[in-house]
Amino acid sequence: MKNFKKNIRNLSKEELQDFFLSNGISSYKGTQVYKWLWEKGVVNFDDMTNLSLSQRSLLKREFIINHALINNKKLSNDGTSKYSVKLYDGLIIESVLIPTTRRVTACISSQVGCSLDCIFCATSILKRMRNLNSDEIYDQILLMNHESLISYKRPISNIVFMGMGEPLMNYNNVLSAIKKLTSTEGLKMSPKRITLSTSGIPKIIKKMADGNVKFKLAVSLHSAIQSIREKIMPFANKFPLEELLDALLYWYNITKSIVTIEYIVWEGINDQKRDIEALVEFCKKIPSKVNLIQYNPTDNFHKSEANKEVLNAYIKTLNFSKIRVTYRKSRGYDINAACGQLANKITSN
Ligand code: SAH
């Protein structure tokens, strides 16, 4: 028989209050159910202990709770954990927890697969299967928080949208998950601890700035020379670097939040003096800091990271121009949990 029950998580707080009112029960029960669903993250009506048995039965008759589940977990030698998370329709995404002495960072996915086609990224092979809805993004964060409490004995402190997918191609859902996450009805997380990483979609960067958002922005640049960028990030042919720069300036002028430029240096791609100079020129135009990322080899891209001398030349030249730069070592490499390696290598059951 077809299941006609509705997913209770599609209801707003007001709709839940109305549901109880229309059943002759105080609307306050709706507020309590909303808290169970979004603050405490319960996935069974029987765990809503301040509801009477008959109120729980009423909910069970009318609704189901669609939710994501942890399907598999792998632990790296460096303490990083990678999870495959099964969505209500059986599709799988991946999320990663990265502990340090002071933080636990959750790396969150925004799409199943990815809309873009960066040739060095394992996720791009998957193509985009679908966007995650905002509940699924939020669920993923609740699951990671729960796992962090179990594995690292503390809640997650930071969130980076650097998992599978391009968050700006699913912007509305990502934004509403962040809103819930930072609200007093959610995990009450400070937006300053959230970073959204994008390959750079100028129009949506401007829209984000207009929305007066308070989280941080990181942009995967990888080359400040248009022709080279298009080779490694083919979608970038639609978005000339000048347009990206213009959008980043717009973002900075409104938010006053400096942009992190993510950049991998490969041998034979962007290891020349002119590549370094182009990056310096780009960064001089926009208040930014550069994060050089260690390249994690993937099956589909047979290039190596540039040698130490080239990396040092980048660091020296950026420092000389008073542009902040750090080099980010990979975590979780042995379990394919590092940046660009998320491609469902752990099988679903
Ligand atoms: N689509 C978004 C977020 C997902 S990728 C974006 O492009 O920013 C998260 C980060 O991992 C990006 O900076 C991306 O460029 C980087 N990345 C992708 N493949 C990588 C690889 N093989 N090694 C290291 N970093 C990689």
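Bear in mind the structure is a predicted one, so any value in this text is a computation, not a measurement.

About the cut-offs
Residues numbered from 1 in each chain as written. Predicted model: local features only at pLDDT ≥ 70, side-chain atom pairs only at ≥ 80, totals over all residues. Heavy atoms only, no water. 1 Å grid on protein atoms, 1.4 Å probe; cavity = no way out; pocket = protein on both sides within 12 Å on 5 of 7 lines; lining within 4 Å. Points joined across faces, edges and corners; volume = space filled by probe spheres on them. Nonpolar A, V, L, I, M, F, W, Y, C, P; charged D, E, K, R; others polar. Core = buried A, V, L, I, M, F, W, Y, C linked by side-chain atoms within 4.5 Å. Buried < 20%, exposed > 50% of the residue type's maximum accessible area, 1.4 Å probe, protein only. Helix = DSSP H or I, 4+ residues; strand = E, 2+ residues; numbered from the N terminus. Near = heavy atom within 4 Å. Polar contact = N/O pair within 3.5 Å; in protein donor to acceptor, adjacent residues only side chain to side chain. Sits in = over half its atoms within 2 Å of the grid points. Arc of directions from axis to C-beta. Contact = heavy atoms within 4.5 Å. Domains from an automatic or database assignment. Buried area = accessible area lost by both parts, 1.4 Å probe. Salt bridge = Lys/Arg side-chain N within 4 Å of Asp/Glu carboxyl O. Expected span 1.5 Å × (residues − 1).

Visitor: Would you mind going over empty space enclosed by the protein with me for this structure?
Guide: Here the idea is plain: a probe the size of a water molecule rolls over the atoms and shows the empty space left. Under the defined criterion, the tally for this structure stands at one cavity of 30 Å³ or more. In this structure, the largest cavity occupies an estimated 470 Å³ of space. Together, 30 residues line the largest cavity, and Phe120, Cys121, Met162, Ser220 and Gly340 are the ones closest to its centre. When the residues that make up the lining of the largest cavity are grouped by side-chain class, the tally is 15 nonpolar, 13 polar and two charged.

Visitor: Please explain the nonpolar core as it appears in this structure.
Guide: Side chains that are nonpolar tend, in soluble globular proteins, to be buried together. In terms of nonpolar packing, the biggest core is built from 113 residues, with Met48, Leu59, Phe120, Ile159, Met208 and Val290 touching the most fellow members. Looking at which element gives the most residues to this core, the answer is helix H4 (residues 134-152), with seven residues.

Visitor: How do you make sense of the site of the ligand when you look at a structure like this?
Guide: For the ligand, the set of nearby residues contains 21 residues, the closest of which are Ser197, Ser199, Ser220, His222 and Asn296. A distance of 3.4 Å separates an oxygen atom of the ligand from a polar backbone atom of Thr198. Ser199 places a side-chain nitrogen or oxygen 2.7 Å from an oxygen atom of the ligand. More than half of the atoms of the ligand fall within 2 Å of the grid points belonging to the largest cavity. Class assignment of the residues belonging to the shell around the ligand gives a composition of eight nonpolar, eleven polar and two charged.

Visitor: I keep staring at helix H1 (residues 13-22) and nothing clicks. Help me out?
Guide: Note that an α-helix has 3.6 residues per turn; residues three or four places apart therefore point the same way. Within the sequence span of H1, burial applies to Leu16, Phe19 and Phe20. Angular distribution of buried residues about the axis of H1 spans 95°; they occupy a single face of the element. Buried residues in H1 make contact with helix H2 (28-38), helix H3 (53-62) and strand E2 (63-64).

Visitor: Looking at this model, I keep getting lost on the domain arrangement of the protein. Mind explaining?
Guide: In many reports, interface size means the accessible area that the parts give up when they come together. According to the domain assignment, the protein consists of domain 1 (6-64) and domain 2 (69-335). Look at where the C-alpha atoms of domain 1 and domain 2 centre, and you get two points 36 Å apart. Every contact between the two is made by seven residues of domain 1 and, on the other side, nine residues of domain 2. Here domain 1 packs against domain 2, burying approximately 770 Å² in sum over the two surfaces, 43% of which is carbon and sulfur. Its largest share of buried area at the contact with domain 2, domain 1 owes to Arg9, Trp38 and Glu39, together 70% of the area lost on that side. Taken together, domain 1 and domain 2 are joined by two salt bridges. Put simply, Arg9 and Asp139 hold a salt bridge, and the shortest N to O gap is 2.5 Å. Linking domain 1 with domain 2 are two residue pairs in polar contact (both at pLDDT 80 or more), by the criterion used here.

Visitor: Can you walk me through unusual backbone geometry in this structure?
Guide: Despite not being glycine, His222 has its phi angle at roughly 65°, a positive value. Within the secondary structure, His222 sits in the loop between strand E11 (216-220) and helix H7 (226-232).

Visitor: Can you help me understand helix H8 (residues 241-255) in this one?
Guide: Look at H8: 21 Å from first C-alpha to last across 15 residues, which is about the 21 Å you get at 1.5 Å a residue. Among the residues of H8, those classed as buried are Leu241, Leu244, Leu245, Ala247, Leu248, Trp251 and Thr255. Projected down its long axis, H8 carries its buried residues within an arc of 160°, all on one side. Pointing more than 90 degrees away from the buried face of H8 are the exposed residues Glu242 and Asn253. As for H8, its buried residues are in contact with helix H6 (202-210), E11, H7, strand E12 (259-263) and helix H9 (273-284). Two residues or fewer after H8 comes Lys256, characterised by a positive phi angle close to 60°.

Visitor: Explain the side chain of His222 here, please?
Guide: Residue His222 is classed as buried on the basis of its relative accessible area of 3%. In this structure the side chain of His222 is engaged in a polar contact, spanning 3.0 Å, whose partner is the backbone nitrogen of Ile264.

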